[in-house]
Amino acid sequence: VTATEGARATGLRREKAALIALASIEGIGPATLLACQAACGAADAWSSLQAGRGAEVEALVHAAALRWKREPEALARFRRDAAGMDADALLARHEAAGQRVLAIGEPTYPARLRDDHAAPAILFAEGSLDRLDDPTVAIVGTRNATRLGRETAASLAVELADRGVSVVSGLALGIDAAAHEAIASRSGGGAPIGAIATGLERAYPRRHQRLHRQVAEAGLLLSESPIGSEPSRWRFPARNRIIAALSDAVVVVESRSAGGSMLTAAEAVARDRPVLAVPGHPTSPASAGALDLIADGAIPVRDVTDVLVAIGCGGRHPIEERPDVADRPTVSGAAARVLEALDAGPRTLGELVLGGRMEIEGTSTVLVELEELGLVVRSGAWFERTGRPTGAARARPDR
Amino acid sequence: VGFASIPSAIVVGVDGHRVAVEVHAATGIPGLTIVGLPDASCREARDRVRAAVLAGGGTWPSLRVTVNLAPSSTRKVGSALDLAIAVGVLLASGQLEPEVVRNLAFVGELGLDGTVRPVPGIVPIVDAIAVDEVVVPVGSATDAELVEGPKVRAVATLGELLAALRGDEPWPDHDRPPLPPVPGAALDLSEVRGQPVVRKALEIAAAGGHHLLMIGPPGAGKTMLASRLPGLLPELDRSSAMEVSRIHSAAGRSLRGGLIRRPPLRAPHHTATMVALIGGGTDAMRPGEVSMAHGGVLFLDELAEFPPTVLDALRQPLEEGVIRVNRARFSATLPARFLLVAAMNPCPCGEAGRPGACRCPDGVLVRYHRRLSGPLLDRFDLRVDVLRPEVEQLLGGEPGEGSMAVAARVAAARELAIGRGVLANAHLRGSELDRWAPVTDRAHDLLATTLRSGRLSARGLDRVRRVARTIADLAGHDGALTASHVGTALHLRADVRLGAGVVA
C-alpha cells in the first residue's frame, strides 16, 4: 500500500511540475493547461514537448494554432522555450517560496473550483485554504473609484466579515483595495481572499505590497500564475473568472459601463451565482456599470442585508439599525444644496460655484464647514461626498 | 601719422558697455586691422567701413590703419561700432578736424552705400554713453530719445554726417512720424464666459503677484484666460517701464516710439530651446523669454511638456528675480521678475482625473505628474481647475465683469501691499506675516486641521496666508483673515500630484 501511495505521490509531483512548466511558456494559457491535463496528463504533454513531439499533443497544437496561426512555428517556439526549463526545479522554487501548489484533481484542491468549467489546472496559494469553507462574497469595482464608492466597499466588507462571510477581491486599486484594506488587519470573522493575476511573489500595483502581505496573513491569496508571470493584459479577465468561481455572490460597487468588473459579473452569471450592484446616482459615470447591471436584473444593494439574503445567510443574522445614521449631522440651506450637487458625483470648486449660484468665498465657506463635519472630502481639485462623517468633528458656530 | 579715439558703446545682456574706438593711421602696407576681441560680425566692419567711407565722399587713406576696441579684454559683438570706426578713420587720416567730434559719440551700422542702419539695443547703448551728444541712425533715433541723457542726433547716411561735421550743411532734421501703436492689445475679461473660479484666480494673481497654475483639458480656454492677465495688472511706473524697455530694446525690438507701459506677456512654446527661454547663446548674451517677460507675465502652456532642464532653470528667476547666464568668456545678469502663469492638461483622457470618470491608467497619471518637480509646483500659490464651459454658458451666459473693474480692485489691492513695503503680497516676508496677515481663531483652527492632515506644508502655510491676505484685500477687508478667506485660499490650491482616485 505504501509503495502505491509513494508512486502516486511521485506521479502527482511530476504532474504539478509539468503544469508549472507548461504555464510558464508564453502562449499556453489556462484552457490549454486544462486540456493537456484532461487528455493524457500534463506530465506526458510536457515530456512530449521537450522531446520535440509537441505535435502529438492535441491541446498544444490547438493552442499553437490559436496563437500564431502558423502551427509548426508556434510549436517550435513552445519547444524552444521548454528546452531550457527544469520542471522539477520550478516546482521546488515555488515550494521554497512558501507557496502551496495545488493541481486539479488532488484532494486539497479547492472544492469551489473543482467542478468549474474553466477551472485553473494549477493553483498557487498562500494563507489558509480553510477560508474557502466560509460563505464568500466578491466585492469588486473600478480602480478609479469615488470616495463614496470606496467607503461603501469598505463598510460592506466589514459588515460581511462581522457575520463570518469572507470577502473575495482582486487587490486592484480603488474598490478592491478598499474592501480588503477594511478587513485585512482584523482577527476573527470573515477574512480577505485575494485572487490575483500575477505570480504570488509580485504585488501589482506595487503600492499594494503591504496589503498583499496582509491578505496572505489574515486570509488567503490565490493565483494561477507561476512565479515570474508578467502582469499581461489577458491575465486580468482570466483572474476575474476565478473571483466569480470562488464566490457565492458578486457585488459590483462602482464600475463604468465598460469596466473589468462587468466581466466578473458576466462570469458570475455564467456560473449561476447571484450578481448584486450598488445603485449610484443616475448621472454619475462611476455608477453607470452598476446601474446597467441592475437594469439587466442584478439585485440592488441597499445595505448588507440584501447581500446576506442573496447568499442565503439572511435569516440567521438580524441586522440592527446602522448606529451612525442618527448621529449624522444635518445641514440645511446652502450646505444642503452643495451636498445635493455632490450626490451626482465629484465636482470641482468651479462647478459648485456655477451650479450653486453663489460667490466663491461663500461656496468655499460652506465647503470648509462640510469638510469639518466630515461630510465632504477633497482629493486633488475634486470635492466628494463621504458616506458618513469621518471624524468626531461637530458643527461649531463661527467665533 | 594720425590718432583718434571715438566714444561708442555695445550691448551685452541688457546693459550697455562703453567702448572707445581707437584708430591709429601710419605709414606701412595699406590695410585695416581691428584688434580688441572683435567677434566675426565686428571684424567684418573692415569691409563695410571702407565701402561706406568711399560712398560717403571720403577717401580711403593709403596708410596702415589699426583699430583698437578698448577695453580690449572684453569681447565686442555686432555692428554698432561701424560708424565710430568710420569717423575714427576719417579723423586719423586728417579728413576731419578733431574739434568737430569733441563730446560726440557715434553708434550705428554702415551699409556699403554709406547708409547708417539701426542697431538692436539702442536704449541700453545710449544709456551707457557718457558724452553730451550721440549720433545714431535715423531708424533708432526715436528709441534713443527715450533715454534721459545725451542729446540725440539722427543721421541717415555717412555723407550727411560728414557734411554736418564739416559745417557744410546744418545737422539734418529727419521727419520721424510716430509709429502706430501695436494693434489688438485690448483683450477684455468680459469676453470670458463662465469660469468664475479662474476669473477670481486671475484677479488674485494680478493683485498679489501669486503664480498661477491652470489645470484643464484642451479647449477649456486656458490660453484665452492667461492672455487677459496683463490687462488686469497696473501700468508700469517710469523706472520699471524704462527697465522693461531696455530689455526689449536689447533683444532687438523697436519700442515704436514710447516706453513700454503695459506689462508684457510672453508665451514661449514648449519646443523653444533653453537659450531662447533663458537667454545667452551668442556672445551678445541676448535676453531670453524669461527676461522679456520681466515686469509682466510669463505664460507656459503645456507645462509638463517643457524639458525638465528648462523648468529647473526657472527656479532662479522665480526666487531672485534675475537670471544669471554664465559662459566661458562672458557672464551676464539679466532681470527676470515675472508673474508665472502655466497651464497643463490634468491627464491624457481630458476628464481631469474626475474620480470615477477618468479613464487614464494609474501609471499614466503618475508618469505625467512626475514630470513636474515638487519645488516648481510649490511656487504656484494658485492652482485651479479649468473645465470646458457648458454650452449654455457659451451661448446664453451673460458677459462677465470687464477688465476695467477688476483692474481697479487690483490697483487698490496693490496700493495696500505698497503700504506694507512690498510690491505685492506674494513678496511679504514670512516673518512679517503675523503683522500683516493675522488670522482669526476659527481660521487658525482650519489651518491647524489642514496642516495636521498632511495636505499643507510649513512653506505652503505661509503661501496660503499671503493668498488669503490678497483675497481679503480684494474684498476690502482689512482685519484679521477669517476662515472664509483662508478656506478660499486653500480651495484655490489644488494638489496636482494627488491624481484623483489614486488615494488608495
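Preceding block: the structure.
Here the residue numbers are simple positions, counted from 1 along each chain's written sequence. Chains carry letters from A onward and ligands carry numbers from 1 onward, assigned in written order. Reporting of local features is limited, given that this is a predicted model, to residues whose pLDDT is at least 70; pairs of side-chain atoms are given and counted only at 80 or more, and all residues count toward the totals for whole chains, interfaces and linings. To obtain the side-chain values, all non-hydrogen atoms of the structure were included, while hydrogens and water were left out.

1. Description of the overall build of chain B
Note the cut-off: The helix count covers DSSP runs of H or I at least four residues long, the strand count covers runs of E at least two residues long, and both are numbered beginning at the N terminus. In this scheme, a residue with accessible area under 20% of its type's maximum is buried, one over 50% is exposed, and one in between is partly exposed, where area comes from a 1.4 Å probe on protein chains only. What makes two residues a contact is simply this: any of their non-hydrogen atoms within 4.5 Å. What sets the accessible areas is the Shrake-Rupley method with a 1.4 Å probe; for residues, cover comes only from the shown protein chains. When charges are tallied, Lys and Arg are placed among the positive residues and Asp and Glu among the negative ones, while His and the ends of the chain are skipped. Where a charge lies is defined by one atom per residue type: Lys uses NZ, Arg uses CZ, Asp uses CG and Glu uses CD.
Each helix and strand in chain B was counted, giving 21 helices and 18 strands. A principal-axis box enclosing the C-alpha atoms of chain B has dimensions of 85 × 50 × 45 Å. For chain B, the residues scored as buried account for 55% of the 504 residues in total. Of all intrachain contacts in chain B linking residues separated by at least 6 positions in sequence, the fraction that spans at least 24 positions is 72%. Looking at chain B as shown, the accessible area adds up to about 20,500 Å², and 52% of this sits on carbon and sulfur atoms. Separation of charge centres in chain B, based on 55 positive and 53 negative side chains, amounts to 6 Å.

2. Describing the pairing of strand β9 (residues 151-155) of chain B
Each regular strand carries side chains that alternate between the two faces of the sheet. Cut-off, in case you're wondering: For two strands to pair, DSSP has to find at least two bridges joining them.
Bridge analysis of strand β8 (residues 133-137) of chain B against β9(B) gives 5 bridges, and the strand direction is parallel. Looking at β9(B), one finds that Pro137(B) is bridged to Val155(B).

3. Quick notes on the sheet that holds β8(B)
All names here are of chain B. Defined as follows: Simply put, an axis is a line fit to the C-alpha atoms, just over the touching stretch for a helix, and the angle between two N-to-C directions goes from 0 to 180 degrees.
Ordered by their spatial adjacency, 3 strands build an open sheet running β5-β8-β9, and the pairing between neighbours is parallel. Of all the strands in the sheet, just β5 (104-106) and β9 have a single pairing partner and so form its edges. Across the sheet, the axes of successive neighbouring strands diverge by a mean angle of 30°, strand direction being ignored. Two strands pair when backbone bridges link them, and β5 and β8 are joined in this way by 3 bridges, in the parallel orientation. Note on β8: the bridge partner recorded for Ala 105 is Val 134.

4. Here we look at unusual backbone geometry
Along the chain, Tyr204(A) connects to Pro205(A) via a cis peptide bond; the corresponding omega equals -5°. Secondary-structure assignment places Pro205(A) in the loop between β5 (192-195) and α10 (209-218). Of the consecutive residues Ala70(B) and Pro71(B), the connecting peptide bond is found in the cis state with omega at 0°. Relative to the assigned elements, Pro71(B) resides in the loop between β4 (64-70) and α3 (82-92).

5. Brief notes about the packing of helix α1 (residues 2-23) of chain A against helix α2 (residues 30-39) of chain A
Residues and elements named next belong to chain A. As a reminder of what qualifies: Should an angle fall under 35 degrees it is taken as roughly parallel, and over 145 as roughly antiparallel, whereas 65 to 115 is taken as roughly perpendicular and any remaining angle as oblique. Take the far helix as your reference; a near helix turned counterclockwise from it by less than a right angle gives a left-handed crossing, and one turned clockwise gives a right-handed crossing. In the scheme used here, Gly and all other residues not listed as nonpolar or charged are polar, with Ala, Val, Leu, Ile, Met, Phe, Trp, Tyr, Cys and Pro taken as nonpolar and Asp, Glu, Lys and Arg as charged.
The N-to-C vectors of α1 and α2 enclose an angle of 150°; their axes lie 10 Å apart at closest approach. For the element pair α1 / α2, the angle class is roughly antiparallel. Considering the relative orientation of α1 and α2, their crossing is right-handed. Contacts from Glu 15, Leu 19, Leu 22 and Ala 23 in α1 reach Leu 33, Cys 36 and Gln 37 in α2. Split by residue class, the contact of α1 with α2 holds 5 nonpolar, 1 polar and 1 charged.

6. Observations regarding the packing of helix α7 (residues 196-208) of chain B against helix α17 (residues 403-419) of chain B
Residues and elements named next belong to chain B. Two elements in contact, α7 and α17, have axes separated by 8 Å at closest approach and are oriented at 35°. Crossing angle aside, the handedness with which α7 passes α17 is right-handed. Two secondary-structure elements touch here, α7 through Glu 203, Ala 206 and Ala 207 and α17 through Val 406, Arg 409, Val 410, Ala 413 and Arg 414. Looking at the contact of α7 with α17 residue by residue, the class counts come to 5 nonpolar, no polar and 3 charged.

That is the geometry; function is a separate question.
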